[in-house]
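Each chain, letter by letter, is given below.
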Amino acid sequence: AQSVAQPEDQVNVAEGNPLTVKCTYSVSGNPYLFWYVQYPNRGLQFLLKYITGDNLVKGSYGFEAEFNKSQTSFHLKKPSALVSDSALYFCAVRDAAGGYQKVTFGTGTKLQVIP
Amino acid sequence: KAGVTQTPRYLIKTRGQQVTLSCSPISGHRSVSWYQQTPGQGLQFLFEYFSETQRNKGNFPGRFSGRQFSNSRSEMNVSTLELGDSALYLCASSRLRATNEKLFFGSGTQLSVL
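What counts as what
- Residues numbered from 1 in each chain as written.
- Chains lettered and ligands numbered in written order.
- Predicted model: local features only at pLDDT ≥ 70, side-chain atom pairs only at ≥ 80, totals over all residues.
- Heavy atoms only, no water.
- Helix = DSSP H or I, 4+ residues; strand = E, 2+ residues; numbered from the N terminus.
- Polar contact = N/O pair within 3.5 Å; in protein donor to acceptor, adjacent residues only side chain to side chain.
- Contact = heavy atoms within 4.5 Å.
- Salt bridge = Lys/Arg side-chain N within 4 Å of Asp/Glu carboxyl O.
- Buried < 20%, exposed > 50% of the residue type's maximum accessible area, 1.4 Å probe, protein only.
- Phe/Tyr/Trp six-rings, centres within 6.5 Å; stacked < 30°, edge-to-face > 60°.
- Lys NZ or Arg CZ within 6 Å of the ring centre and 35° of its normal.
- Disulfide = S-S within 2.5 Å.
- Buried area = accessible area lost by both parts, 1.4 Å probe.
- Nonpolar A, V, L, I, M, F, W, Y, C, P; charged D, E, K, R; others polar.

Some remarks on the side chain of Q6 of chain A
All names here are of chain A.
Inference 1: Here Q6 lies in the loop between β1 (3-5) and β2 (10-14).
Inference 2: Polar side-chain contacts of Q6 include one of 3.2 Å to the backbone nitrogen of G108.
Inference 3: Excluding residues within four positions of it along the chain, Q6 makes contact with V21, K22, W35, Y89, F90, C91, G106, T107, G108 and T109.

Written as structure tokens, this is what we have:
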């Protein structure tokens with residue numbers, strides 16, 4: 001079975017500082033990993049994904065994520081946080097093994113960027 | 001191109017009633033999936049439809065059902081509503097049924113059961 005964990009319910013960071021939102025996963029095969037962001041009263045929006053290749057993935061709005069196979073992690077990062085980055089962030093995983101797999105989401109991390 | 005459209009945006013029902021939620025995917029998208037979002041639980045997978053057939057189902061009771069039409073529009077139904085069914089119900093679509101595809105989400109239907 002596949003699973004994903006976001007160990008922090010909330011992350012607070014000052015505007016202009018780097019931010020990290022943590023995600024770890026568990027799959028039996030190779031992982032397909034995704035980050036989505038949810039702004040208040042909106043659905044989720046895709047930020048970036050890792051399928052294969054370069055461990056550093058760049059996405060929308062200046063976000064990037066680093067795939068670490070040995071630590072089974074896929075942390076979301078941004079060099080300089082903006083107040084407008086305040087939102088709910090979801091990590092998601094799909095197992096590449098065994099044919100088509102539904103996606104499993106983490107419980108979400110609320111990012112609060114303080115002016 | 002229009003995004004994923006969910007209607008209605010808000011619903012208030014009482015226990016024991018039933019409700020139907022609608023989702024229109026992005027034009028050309030054939031896969032539609034549904035999720036229940038509650039605080040602290042994240043997104044829980046309900047079911048997925050592709051080419052009018054249910055392909056996957058999550059761990060929800062039989063009170064939760066859905067269907068997909070030939071134009072890829074989808075509906076989900078919840079019968080005999082319970083207080084615990086209060087949640088944001090999200091629909092997502094993708095062009096193909098592929099594991100590496102990203103999902104496009106609607107804004108959701110906020111269901112309140114009183």
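A look at the pattern of salt bridges
Inference 1: On inspection of all chains with the given rule, the structure shows eight salt bridges over all chains.
Inference 2: A salt bridge links K78 of chain A to D85 of chain A; the nearest nitrogen and oxygen atoms lie 2.8 Å apart.
Inference 3: The class for D85 of chain A is buried, based on a relative accessible area of 4%.
Inference 4: When the shortest N-O distance is used, the salt bridge between E75 of chain B and R67 of chain B registers 3.3 Å.
Inference 5: The class for E75 of chain B is buried, based on a relative accessible area of 16%.
Inference 6: Residue classification places R67 of chain B among the partly exposed residues on the basis of a relative accessible area of 46%.
Inference 7: By sharing partners, the salt bridges in this structure join R63, E82 and D85 of chain B into a single network.

Observations regarding the packing of aromatic side chains
Inference 1: The final tally for this structure, using the stated rule, is 14 aromatic pairs over all chains.
Inference 2: By the ring-pair criterion, three or more aromatic residues cluster together here, those being F34, Y36, F46 and F105 of chain A together with Y35, F45 and F105 of chain B.
Inference 3: Positioned over the ring face of Y10 of chain B is R9 of chain B, at 5.2 Å from the centre of the ring.

Comments concerning the state of the cysteines
Residues and elements named next belong to chain A.
Inference 1: A complete count under the given rule lists two disulfides over all chains for this structure.
Inference 2: Here C23 connects covalently by a disulfide to C91, the sulfurs 2.0 Å from one another. One disulfide, between C23 and C91, carries an S-S torsion of -60 degrees and so falls in the left-handed class. Taken as a pair, C23 in the loop between β3 (19-21) and β4 (24-26) and C91 in strand β10 (residues 87-95) lie far apart in primary sequence, 68 residues in all.
Inference 3: A relative accessible area of 0% means that C23 is categorised as buried.

Let's talk about the interface of chain A and chain B
Inference 1: On the chain B side, the residues contacting the 23 residues of chain A number 22 residues.
Inference 2: Roughly 1800 Å² is buried in total at the junction of chain A and chain B, and carbon and sulfur atoms are behind 59% of that figure.
Inference 3: Our count for the contact surface shared by chain A and chain B stands at zero salt bridges.
Inference 4: Where chain A packs against chain B, one counts five residue pairs in polar contact (both at pLDDT 80 or more).
Inference 5: The class makeup of the residues in the side of chain A that touches chain B is 11 nonpolar, seven polar and five charged.

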